[in-house]
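Residue-level structural notes
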Amino acid sequence: MASRKLRAGIALAISIAAGAMSASADPANLLVRAYGPVDRIGPNGSLSVLGTTFQLAPNADALVDGQHVAQAASVLSALSHSDRAAVAVLSYGADSQASRLVVHLTKPYVAGATEVVATGIVRAVDQRTARLWIEKTAVDYSAVLSASPDFAAKVGDVVQVLGTRPSNSSIILAARAQLVSPASTNGISGSGYATASGISGSGLATASGISGS
């Protein structure tokens, strides 16, 4: 049950992104790297979400409240003036550029209530305190262990977590977590959690953090 809920939460952004096709992005292979508030808009088409900075690919596109925008860079200005916008960053792998943004301006992000998603390479683990770091993002996975006591992540693993963050500067409190195996040079696939292929549309409403048509 826990893994199905995690899959639903991560699949939501993919499901929304699949609604707008482009010649440069194949939704079936897009990985949800992060979903949450924008921490910072940087120079040269970069943005930081949940403590991780992503560089937009030159051909990155976006969905803004369901409307397709051909150039994702054109929405960065609006995001810099909205501290409550919820943004999903999608890419083709744990180290790749951001290929698509899914932006919610009309459904504001609420710290501690809106679910967030973080996916990436584990840089450090402290098993004593049940904490790990995805890039620079700290995650408390103690709640995960109560439902999945065998969950274990080590440095170098690719992990997806679904949880909440009490404030924009606090640690992510993970409710679900999943190890993802890099299965191809195009990104992360094969688990049924990271890509749209193999993820059914049923049960998507169980995660409240990401929604759309």
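That block above? That's the structure.
What you see is a predicted model, and the numbers here were worked out from it, not measured in a lab. (Residues numbered from 1 in each chain as written. Predicted model: local features only at pLDDT ≥ 70, side-chain atom pairs only at ≥ 80, totals over all residues. Heavy atoms only, no water.)

**Some thoughts on the overall build of the protein**
Defined as follows: Working definition: helices are DSSP H or I runs of at least four residues, strands are E runs of at least two. Numbering for both runs from the N terminus. Whether a residue is buried, partly exposed or exposed follows from its accessible area with a 1.4 Å probe, protein chains only, as a fraction of its type maximum: under 20%, in between, or over 50%, in that order. Between two residues, a contact is recorded if the distance between any of their heavy atoms is within 4.5 Å. Calculation of accessible area relied on Shrake-Rupley with a 1.4 Å probe; when residues are assessed, cover is drawn exclusively from the protein chains displayed.
Scanning the protein for helices and strands turns up three helices and 11 strands. Shown N-terminal to C-terminal, the secondary structure of the protein runs as helices and strands in the order α-β-β-β-β-α-β-β-β-β-β-α-β-β. Out of the 213 residues in the protein, the part that is buried amounts to 48%. Counting contacts in the protein only where the partners sit at least 6 residues apart, residues at least 24 apart contribute 63% of the total. About 9,400 Å² of surface is accessible on the protein, with carbon and sulfur atoms providing 52% of the total.

**With respect to the environment of glycine 66**
Along the chain, glycine 66 turns up in the loop between strand 3 (52-64) and strand 4 (67-69). For the pair glycine 66 and valine 103, spaced 37 residues apart in sequence, the C-alpha separation works out to 8.2 Å.

**Here we look at the nonpolar core**
Defined as follows: What makes a nonpolar core is a set of buried Ala, Val, Leu, Ile, Met, Phe, Trp, Tyr and Cys residues whose side-chain atoms join them at distances within 4.5 Å.
Membership of the largest hydrophobic core comes to 47 residues, with the highest contact counts inside it found for Leu47 and Leu101. Considering every element that reaches this core, the biggest residue donor is strand 3, with six residues. Residues within four places of leucine 101 in sequence aside, it is in contact with Leu47, Leu56, Asp61, Ala62, Leu63, Ala72, Val75, Leu76, Val87, Ala88 and Val89.

**Remarks on the pairing of strand 11 (residues 172-180)**
Condition: By the convention used here, strands pair only if DSSP detects at least 2 bridges between them.
Two elements, strand 9 (residues 137-140) and strand 11, share two bridges in a ladder whose sense is parallel. Bridge assignment links valine 139 to a residue of strand 11, and that residue is isoleucine 172. Where strand 10 (residues 158-164) and strand 11 come together, seven bridges link them in antiparallel fashion. Pairing of glutamine 160 across the sheet is with glutamine 178, part of strand 11.

**As for the pattern of salt bridges**
In plain terms, the rule: Salt bridges are identified by distance alone: a Lys or Arg side-chain nitrogen within 4 Å of an Asp or Glu carboxyl oxygen.
In the structure shown here, the tally under the stated rule is five salt bridges. The closest approach of N and O atoms between aspartate 61 and arginine 100, which form a salt bridge, is 2.8 Å. Remark: arginine 100 occurs in strand 6 (residues 98-104) and aspartate 61 occurs in strand 3; sequence separation between them is 39 residues. Pair check on accessibility: aspartate 61 and arginine 100 agree, each one buried. Of the charged contacts, one joins aspartate 157 and lysine 154 as a salt bridge, the two residues approaching to 3.2 Å between their closest N and O atoms. Residue aspartate 157 is classed as buried on the basis of its relative accessible area, which comes to 16%.

**Here we look at the packing of aromatic side chains**
Quick note on the threshold: Between 30 and 60 degrees the pair is tilted, below 30 it is stacked and above 60 it is edge-to-face, where a pair is any two Phe, Tyr or Trp rings, Trp via its six-membered ring, whose centres lie within 6.5 Å.
Applying the stated criterion across every chain yields a total of one aromatic pair. Considering the side-chain rings of tyrosine 141 and phenylalanine 151, the 5.6 Å spacing of their centres and the 70° angle between planes classify their relative orientation as edge-to-face. Highlighted residues: tyrosine 141 in the loop between strand 9 and helix 3 (142-147) and phenylalanine 151 in the loop between helix 3 and strand 10, separated in sequence by 10 residues. Considered together, tyrosine 141 and phenylalanine 151 belong to a single accessibility category, that of buried residues.

**Focus on the pairing of strand 10**
Among the seven residues of strand 10, six are classified as buried, and the element is accordingly described as predominantly covered. Bridging between strand 7 (residues 116-126) and strand 10 involves six bridges; their strand directions are antiparallel. Following the sheet pairing, glycine 120 is matched in strand 10 by valine 159.

**Remarks on unusual backbone geometry**
In this model, asparagine 44 sits at a positive phi of 60°, which is unusual for a non-glycine residue. Residue placement: asparagine 44 occurs in the loop between strand 1 (31-42) and strand 2 (46-49). Since its relative accessible area comes to 70%, asparagine 44 is described here as exposed. The phi dihedral of alanine 130 is positive, around 55°, even though this residue is not glycine.

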